[in-house]
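Here is what each chain is made of, one letter per residue.
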Amino acid sequence: MGISVNPTRSGYLEVLKQMGATILLHNERTQGGEPVADVTVRGSKLKGVTISGDLIPRTIDELPVLAAIATVAEGTTVIRNAQELRVKESDRIATMVSELRKLGAQVEELPDGMVVQGDSKLVGAEVQSHGDHRVAMALAIAGLLAEGETVIHDADCVAISFPQFPQVLASLGAEVELA
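In what follows, the accompanying structure is described. (Residues numbered from 1 in each chain as written. Predicted model: local features only at pLDDT ≥ 70, side-chain atom pairs only at ≥ 80, totals over all residues. Heavy atoms only, no water.)

Running from amino to carboxyl end, helix α4 (residues 92–102) crosses helix α5 (residues 133–145) at an angle of 25°, the nearest separation of the two axes being 11 Å. Put simply, α4 runs roughly parallel to α5. Remark: the crossing between α4 and α5 carries right-handed chirality. Across the interface between the two elements, R92, T95, M96, E99 and L100 from α4 touch H133, R134, V135, A138, L139 and A142 from α5. Broken down by class, the residue content of the contact of α4 with α5 amounts to six nonpolar, two polar and three charged. (Axes fitted to C-alpha atoms, helices over the stretch in contact; angles between N-to-C directions. Helix = DSSP H or I, 4+ residues; strand = E, 2+ residues; numbered from the N terminus. Parallel < 35°, antiparallel > 145°, perpendicular 65-115°, else oblique. Left-handed = near helix turned anticlockwise from the far one by under 90°. Contact = heavy atoms within 4.5 Å. Nonpolar A, V, L, I, M, F, W, Y, C, P; charged D, E, K, R; others polar.)

Next up, the structure:
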């Protein structure tokens, strides 16, 4: 599958590697005028990191899912300099803090980001996407990490950017139903 590896957009791969993820790129090529590669990810014990400065513009759209992942990493993840998240489809800082807390995460809101305490034992809960496709997808990943059922209200907004997302989750064994 061709995943974007455009250096202006793929900071999330760098962050995941800093967290200890084993990520291998294969078959690097240009597709639709953009650099893409097939990506293999192996299970790894992740650790908390600081995401700030020049990483922010290259990870801005993936910060919600990185926050969700950080809930189960060892240690603390700090996201700073990301005040732009406050003016997306939702205030992604306030929204992610609120919704991750519903799942049992320990998250502190900052004016320009958040502090996520890792090693959380997430539990299924009813959460709200706030009509934000990136929040909905991040909460779906958090739901996969949680014990029990997670219901994401207004999750059909994922079609804005990734219409195949429910099928991808289902291929991983998740029970997915969008409403």
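Here we take up the pairing of strand β6 (residues 106–110). For β6 and strand β7 (residues 113–117), the ladder comprises five bridges, and the chain directions are antiparallel. If you follow E109 over to β7, its bridge partner there is M114. With antiparallel pairing between neighbouring strands as the criterion, β6 and β7 make up a hairpin whose turn holds two residues. (Pairing = 2+ DSSP bridges.)

Looking at where T22 falls in the secondary structure, it is placed in strand β2 (residues 22–31). Taking the relative accessible area as the measure of exposure, T22 reaches 30% and is therefore partly exposed. Between the C-alpha atom of T22 and that of R42, which follows or precedes it by 20 residues, the distance is 5.3 Å. If we skip the residues at most four places from it in the chain, T22 touches T40, V41, R42 and S44. A distance of 3.1 Å separates polar atoms of two side chains, one belonging to T22 and the other to S44. (Buried < 20%, exposed > 50% of the residue type's maximum accessible area, 1.4 Å probe, protein only. Polar contact = N/O pair within 3.5 Å; in protein donor to acceptor, adjacent residues only side chain to side chain.)

Here we come to the sheet that holds β6. In space, the four strands of this open sheet follow the order β4-β5-β7-β6, with mixed pairing throughout. Each end of this open sheet is capped by a strand with a single partner; those strands are β4 (50–51) and β6. Lying on the sheet, helix α3 (residues 63–70) is in contact with β4, β5 (76–79) and β7; it crosses β7 at an angle near 20°.

Its volume calculated, the largest pocket comes out at about 1500 Å³. In terms of lining, the largest pocket is formed by 33 residues, of which the most central are I3, Y12, V65, I141 and F162. Those elements that provide at least two residues to the lining of the largest pocket are β1 (3–4), α1 (11–18), β3 (34–42), α3, α5 and α6 (165–171). At six residues, the largest contribution of residues to the lining of the largest pocket is made by α5. Of the residues belonging to the lining of the largest pocket, the class tally is 24 nonpolar, four polar and five charged. (1 Å grid on protein atoms, 1.4 Å probe; cavity = no way out; pocket = protein on both sides within 12 Å on 5 of 7 lines; lining within 4 Å. Points joined across faces, edges and corners; volume = space filled by probe spheres on them.)

Between side chains of opposite charge, pairing is possible as soon as their charged atoms come close. Under the counting rule described, the total for this entry stands at 14 salt bridges. Between R9 and E62 there is a salt bridge, with its nearest N and O atoms 3.8 Å apart. Taken together, the positions of R9 in the loop between β1 and α1 and E62 in the loop between α2 (55–59) and α3 put the pair 53 residues apart, joining distant regions of the chain. Look at R9 and you get partly exposed, because its relative accessible area is 37%. Across the salt bridge formed by K102 and E99, the nearest N and O atoms sit 3.1 Å from each other. (Salt bridge = Lys/Arg side-chain N within 4 Å of Asp/Glu carboxyl O.)

On to the environment of D91, then. Mapped onto the elements of the fold, D91 is located in the loop between β5 and α4. D91 sits in the partly exposed class, given a relative accessible area of 25%. On a C-alpha basis, the gap between D91 and H130 in space is 9.1 Å, while along the polypeptide they are 39 residues apart. In this view, D91 contacts L85 and R86; residues no more than four positions away in its chain are not counted.

All quantities given are derived from atomic positions and should not be read as evidence of function.
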